[in-house]
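# Residue-level structural notes
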Protein chains: 2
Amino acid sequence: MSEALNTLTKNQQTVLDILESAKEPLKAYAILFDTQKKGIKAPLQVYRALDKLIEIGKVHKIESKNSYIACKHKSCDAGTSTSFLICEMCDLVTELKKNVSSYFSKQSAEVNFSYSKHNLEIYGICSNCKRNN
Amino acid sequence: MSEALNTLTKNQQTVLDILESAKEPLKAYAILFDTQKKGIKAPLQVYRALDKLIEIGKVHKIESKNSYIACKHKSCDAGTSTSFLICEMCDLVTELKKNVSSYFSKQSAEVNFSYSKHNLEIYGICSNCKRNN
DNA sequence: AACGTAATGTTATAATATAACATATTTTAA
DNA sequence: TTAAAATATGTTATATTATAACATTACGTT
């Protein structure tokens, strides 16, 4: 009876809650700071929770920012491929919904490379900032 | 007479030499270790050289690996957009030559986001490793 | 030559992440 | 239902990656 599939532990839930209520990606030590009132005391507790959340696809890491963001999609179960739009003005990060994996798979195949997953970080100006500037 | 355009300083050249002769991306402290015989003594000297080399497009950073790689292209002057194929078996990293910026620009425009630059890291299996396994 | 800019050298420290180990909790399966 | 296995926790210490601050030096421009 593996109902453990979707069951998060206390620390994992605590970290996920913080990320889901955050408007921007958070850094690990910012998460630590925010969760200290909830019993998390050491960096490792945060990193371990993040590792698990990333593994099950609930959280993604923005590599170029060393930051973490909760996934808003229904099923990023794989916890693998990610595509982000990052606003250079307001730091807003949104996940690109459109599936671009097949495109990358084709591009890779052209040079005889077997695509497995990807991380894409697109920088630019979001619609909000365009309007206000 | 601004011939300084392509003139690298001693530290910059030292760091670039190491990266160009490396077969894989190198981490900053690995570069430091390798360049100590050439007079570079502190991390900051490496990071400053890297910053400049990245700025002028001679070097790229692989964000998901905290590693640096010399650019093999003629003109990555911009030092902005990068696309890599990273082998999960042998860690070989190659730059995707085909220009994918226009594709991203279109994808971004669909959600009213002004594309400026990107970083793409594709993981998979390189042709060599496919053949040998 | 004198000024402004960029690069250097050096020490210290900040920010990000993992190792190691003891303990506790949960899951699985005999 | 309980013992073994697997997973998560708590804690301290430390490794890894990167920047701050400041004094000095080299270099291009006028």
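Residues numbered from 1 in each chain as written. Chains lettered and ligands numbered in written order. Predicted model: local features only at pLDDT ≥ 70, side-chain atom pairs only at ≥ 80, totals over all residues. Heavy atoms only, no water.

### Quick word on the sheet that holds strand E3 (residues 67–70) of chain A
Residues and elements named next belong to chain A.
- Within the open sheet, the three strands sit side by side as E1-E3-E2. Their pairing is antiparallel. Only two strands of the sheet have a single partner each, and these edge strands are strand E1 (26–27) and strand E2 (59–62).
- Across the face of the sheet, helix H1 (residues 10–21) comes into contact with E1, E2 and E3 while running at roughly 85° to E3.
- Taken strand by strand, helix H3 (residues 43–55) contacts E2 and E3, and its axis lies near 110° from that of E2. (Pairing = 2+ DSSP bridges. Helix = DSSP H or I, 4+ residues; strand = E, 2+ residues; numbered from the N terminus. Contact = heavy atoms within 4.5 Å. Axes fitted to C-alpha atoms, helices over the stretch in contact; angles between N-to-C directions.)

### A closer look at the packing of aromatic side chains
- The full count for this structure, using the stated rule, is six aromatic pairs over all chains.
- Note on Tyr 29 of chain A and Tyr 47 of chain A: the rings are 6.4 Å apart at their centroids and 65° apart in plane angle, and the pair reads as edge-to-face. With Tyr 29 of chain A in helix H2 (residues 28–35) and Tyr 47 of chain A in helix H3, this pair connects stretches of sequence that are 18 residues apart.
- With a centroid separation of 5.8 Å and 70° between ring planes, the pair formed by Phe 104 of chain A and Phe 104 of chain B is classed as edge-to-face. (Phe/Tyr/Trp six-rings, centres within 6.5 Å; stacked < 30°, edge-to-face > 60°.)

### Let's talk about the domain arrangement of chain A
All names here are of chain A.
- One can read the domain layout of chain A as domain 1 (1–72) and domain 2 (80–133).
- Across the boundary between the two partners, domain 1 contributes ten residues, which contact nine residues of domain 2.
- Of the roughly 820 Å² buried at the junction of domain 1 and domain 2 (both faces included), carbon and sulfur atoms supply 57%.
- The largest share of the area that domain 1 buries against domain 2 comes from His 60, Ile 62 and Lys 65, three residues that together contribute 46% of it.
- Here Asp 91 and Lys 65 are joined by a salt bridge, their closest N and O atoms 3.3 Å apart.
- Counting the contacts that link domain 1 with domain 2 gives five residue pairs in polar contact (both at pLDDT 80 or more).
- It is E2 that provides the largest number of residues to the side of domain 1 that touches domain 2, a total of three residues.
- The class makeup of the residues in the side of domain 1 that touches domain 2 is four nonpolar, two polar and four charged. (Domains from an automatic or database assignment. Buried area = accessible area lost by both parts, 1.4 Å probe. Salt bridge = Lys/Arg side-chain N within 4 Å of Asp/Glu carboxyl O. Polar contact = N/O pair within 3.5 Å; in protein donor to acceptor, adjacent residues only side chain to side chain. Nonpolar A, V, L, I, M, F, W, Y, C, P; charged D, E, K, R; others polar.)

### Description of the relation of the copies chain A and chain B
- Between chain A and chain B, the superposition needs a rotation of 180° and an axial shift of 0.0 Å, giving an RMSD of 0.0 Å. Such a turn and shift between the copies fits a two-fold axis. By C-alpha distance to the rotation axis, the residue of chain A lying nearest is Leu 120 of chain A, at 2.2 Å.
- Both copies contact each other with a shared surface, as 100% of the interface residues of chain A are interface residues in chain B too. (Least-squares fit on C-alpha atoms with pLDDT ≥ 70 in both.)

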